[in-house]
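Fold and contact review
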Amino acid sequence: MIWPLIVAVLASALWFGIRSKRATLVDFEVYRTAAARALEQAPLYRPEDGHYQFKYWPIFAVAMAPFAVPTRAVASLLWYALSVVLLSLFLRQSVRLIPDRRVRPAWLVVLVVLCTGKFWVKELTFGQTNVLLAVILIGALAAAERERWRLAGALIGVATFVKPYALLLFPWLAVVGGLESATLASGVVAAGLLAPAVTYGWNGNLTEVAGW
């Protein structure tokens, strides 16, 4: 069932190779720059960043710090490879979670590739974080199906640091999983907001969170 994904990845790699002289993982460079600033305990949000200025939470910049250590070429390759692995995991888990599946997994994958392949190419070649968000949230869905609501709440809380859109799931979590799981998710968010104080200090972290 995995061969269409391999084809999609090879196609995106070819596209990236053709444009490599004038293109980079644009979104990944934003996160890598933020990570470098976090390592230096420097301000994260700067007007010169333009519309990329508020693309991440302070905790995400700190979490991305390992990618600021190697050279740009090595860091980009690592992120690209990680994205490919995450995309594979997302696809496999998505097919597995379909209830009462009546179509062979291979055909489902083919249909997904045909309908969404161009978005995968953009995801990989721009170095975006949508697939990371998707893997975390589908993990939360899998936990919810097993009625492991605490784990589901924790994962949804973590997902908010990748993309704040995950906050939209909090009402659903409270209704379906109960207030305990929603409270746990909120606790994870609160902990993530406070965690960068280890790097920036208490006042510095408050400044960065307020800036965001």
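Preceding block: the structure.
Residues numbered from 1 in each chain as written. Predicted model: local features only at pLDDT ≥ 70, side-chain atom pairs only at ≥ 80, totals over all residues. Heavy atoms only, no water.

Quick look at the side chain of S83 now. By secondary structure assignment, the location of S83 is in helix 4 (residues 72-96). Since its relative accessible area comes to 3%, S83 is described here as buried. For S83, the contacting residues outside a window of four places in its chain are L124 and V131. (Helix = DSSP H or I, 4+ residues; strand = E, 2+ residues; numbered from the N terminus. Buried < 20%, exposed > 50% of the residue type's maximum accessible area, 1.4 Å probe, protein only. Contact = heavy atoms within 4.5 Å.)

Turning our attention to the pattern of salt bridges. It is possible for side chains bearing opposite charge to pair when their charged atoms get close. A complete count under the given rule lists four salt bridges for this structure. The partner of E29 in a salt bridge is R72, and the shortest N-O contact between them spans 3.4 Å. Of this pair, E29 sits in helix 2 (residues 26-39) while R72 sits in helix 4, and the two are 43 residues apart along the sequence. Residues R150 and E180 are paired through a salt bridge, measuring 2.8 Å at the closest nitrogen-oxygen approach. Here the residue R150 occupies a position in helix 7 (residues 149-159), and E180 occupies one in helix 9 (residues 179-194), the gap between them amounting to 30 residues. Per residue, the accessibility class of R150 equals that of E180, and both read exposed. (Salt bridge = Lys/Arg side-chain N within 4 Å of Asp/Glu carboxyl O.)

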